[in-house]
Amino acid sequence: MATAQKSGAEAGLAEAMSQIDLDIEGMTCSSCAGRIERRLNKIDGVQATVNFAMESARVDYPESTDPAELVEAVESIGYGASAPTEGGGGLRDSASSDAASDLRRRFIVSGVLTVPVVVLSMVPPFQFDYWQWVVLALSLPVVTWGAWPFHRAAALNLRHGGFTMDTLVSLGVGMSTLWSLWAMLFGDAGAAGLGHEFTLRPGGHAAEMIYFEAAAGVTTFILLGRWIEARSKKEAGAAIKALLQLGASDATVLEEGEEKRIRAAALEVGDLFIVRPGDTIPTDGRIENGESAVDESMLTGESVPVEVVAGDAVTGATLNTSGRLIVRATRVGSETQLAKMAQMVSDAQTEKAPVQRLADRISSVFVPVVIAIAVVTFGAWWSIGGEIMPAFTAAVAVLIIACPCALGLATPMALMVGTGNGARRGILISGPSALESTRRVDTVVFDKTGTLTTGRMALRAVVSAPSRDDDGVLALAASVESGSEHPIARAIVAGAAERGVPALELQAFKSIAGRGVVGKVDGVEVQAGRAASLTRLPAGKDAGLAAKAAELESDGATVVAVYADGEPAGIIAVADEPKAEAGEAVESLRRQGLDVALLTGDNEGSAKAAARAVGISTENVISGVLPEGKLDKVRELQESGVAVAMVGDGVNDAPALARADLGIAMGTGTDAAIEAGDITLVSGDPRKVAEAISLSRKTLANIKGNLFWAFAYNVAAIPVAAAGLLTPMIAGAAMAFSSVFVVLNSLRLRRA
């Protein structure tokens, strides 16, 4: 028998596997995700990971298993599941928006009705004749329609043997409402002139006590927290959508010499298409005809466009800056580099565990214990005193005092205040997961281009041959480069203007792909091109410029050689300069005890030069990495025990931002990077990185403090209520006070 089982297991392992992402509906806390995951993993050969934040499940299953069986397994425990359809993202976005809108509507209506309920119930001078009936009329919509999501979730979990905070919310709201209805309809609470007097212990007038304010208050506060949570979930898939939107929507294909405009998605491998200057390349391909410079900064981070000629490969979503190209498609659809990067972001987000809120983590023990205490309290008082009223009063007091209003408010209130403070400072924090991540971070990894540097080429130096002067060389170069739109050319022209060097008349101009530009300037034939051409001159013919060019290049500059009538006239260095605030940003992070590293797609010389300029050790520089390499390097750091905060601004940074323990995106960068990050810095000022980490850690500490005191309050107050030392009314007031404490504690973050 054992042998047969082993053989079956081996056969199962050998069976081909498929993967599917299921959309999950009905999860209200992380314990729901755990229940779904356990149910799916009970199916033979299935390995499932459920992401509560993304409301999805990634399932690896044997090909012999029908995907419908996976959906049925989820539905069998009371949740909804469906496989995403082609182009169905819009439907999912609509469903997420509807859920957030529904919670927002319930919160606003419940809040408007709850305010007068609390005022009438808690302030005796406002209690006119039959005020309690007004409170009843205002409360019933709140505790039924407003609290319906909690009642539904509690019933669903109870049916499958589970307990969550929804269970306690529903019980507390339900019991206090039912008690109040009984007191008004069958007791003395509905009489004219009823007034609530606060007493420290239950008295003999339990039938006069109503607790609508506790029921309505709990409902409104918990709705607030759920709405904030749903609003964050709504943005969960935006990183992938931002990546895919970078691609061109249309393409111009060449069929039998005729140009035809089609959707980029309709391109097939082998198709010929035309890319004009200024167009985005619609898919990956190889150049059949034409020469140009392609801006790949969106994918590689390199600030200098790459010169391309026939036979070179080009990547979809990059920008053709100059010449007309005819390209043959080599990869389309999901096989393109852009699509693979989108998949990397998706995978990285799936690997990132959702925040495990303390209120949910303790619910599996806390909720059944509270219910048991309430039942024991009722039984003990009834058996000792022989009267049902004191027993029921004490039991209801236990449920009300234990109602997790403060627990449910602890996270969203601190989050609202902390993120609001951050927003005023240009720091956008995505939610609790970002705060949780800042606590662990010990290393900050910066991208270079556009993050620590300006992302724009600027004139750094001019070195002239002995027979010429610097301004003269710059004037010749700027004049001939004025005919080009290349970023290096624009940097030289702008640098000459800043130095007050006048432009000369350009009489003729020609751009030579891969070699530079040639033109006539005031009758002189001027050529500006790669400094490598200097090394091909006979010894001494370059007037020592080749050695100086090598020195400048080793310091991270891009060097252009200038020739006048075929003789070396000088060299001009341009570079992507560090931001003025970058050095201060690195120092601020070090003061917080964080290590700082540089991870870039740029060459080693540029990377180390930038690192030295901003105060990063050259030992902490990783250069020349592709987007996949950035993701791998972040993963390697994490596997070595380092908690990584990644700071970037380009599409090439998006997978690494999503994979890192904390992703910080510069708001001046691409949408893909911004959506993949946990924190966005609106201004692009690198000093905000240290400020963001500091604020996030203070906000997280505030949340932890709120949760601790809210829970400690429950632990301390439940025995007091069970001992009969509190009336439900006082329990309701104490519960409200715990909420006020949480609010006041959260407001301290305004000064953080």
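The coordinates are above.
All values reported here derive from a predicted model rather than from experimental measurement. (Residues numbered from 1 in each chain as written. Predicted model: local features only at pLDDT ≥ 70, side-chain atom pairs only at ≥ 80, totals over all residues. Heavy atoms only, no water.)

1. Focus: the sheet that holds strand β11 (residues 313–314)
Here we have six strands laid out as an open sheet, ordered β6-β5-β7-β13-β8-β11, and antiparallel in their pairing. Lying at the two open borders of the sheet, with one neighbouring strand each, are β6 (258–263) and β11. Two elements, strand β5 (residues 250–255) and β6, share six bridges in a ladder whose sense is antiparallel. For T252, the partnering residue across the bridge sits in β6 and is R261. (Pairing = 2+ DSSP bridges. Helix = DSSP H or I, 4+ residues; strand = E, 2+ residues; numbered from the N terminus.)

2. What to know about the sheet that holds strand β12 (residues 319–320)
The three strands lie next to each other as β10-β9-β12, forming an open sheet whose pairing is antiparallel. Because the sheet does not close on itself, it has two edges, and the strands there are β10 (306–308) and β12. Sheet topology places strand β9 (residues 292–295) next to β12; two bridges connect them, and they run antiparallel. Paired with D295 across the strands is L319, a residue of β12.

3. Description of the pattern of salt bridges
On inspection of all chains with the given rule, the structure shows 20 salt bridges. With a closest N to O distance of 3.3 Å, R105 and D102 form a salt bridge. In this pair, R105 and D102 both sit in helix α4 (residues 89–122), three residues apart, roughly one turn of the helix. Overall, R105 belongs to the partly exposed group, its relative accessible area being 44%. One network of salt bridges, in which partners are shared, links R460, D555, E577 and R612. (Salt bridge = Lys/Arg side-chain N within 4 Å of Asp/Glu carboxyl O. Buried < 20%, exposed > 50% of the residue type's maximum accessible area, 1.4 Å probe, protein only.)

4. Remarks on the packing of aromatic side chains
Any aromatic ring pair is given by two values, namely how distant the centres are and how the planes are angled relative to each other. In the structure shown here, the tally under the stated rule is four aromatic pairs. A centroid spacing of 5.9 Å and a plane angle of 45° characterise the contact between W179 and W182, whose relative ring orientation is tilted. Remark: W182 and W179 occur in helix α7 (residues 165–185); sequence separation between them is three residues, near one turn of the helix. Classification of W179 as buried rests on a relative accessible area of 3%. An aromatic cluster is built from W179, W182 and Y211, whose rings are joined through pairwise contacts. (Phe/Tyr/Trp six-rings, centres within 6.5 Å; stacked < 30°, edge-to-face > 60°.)

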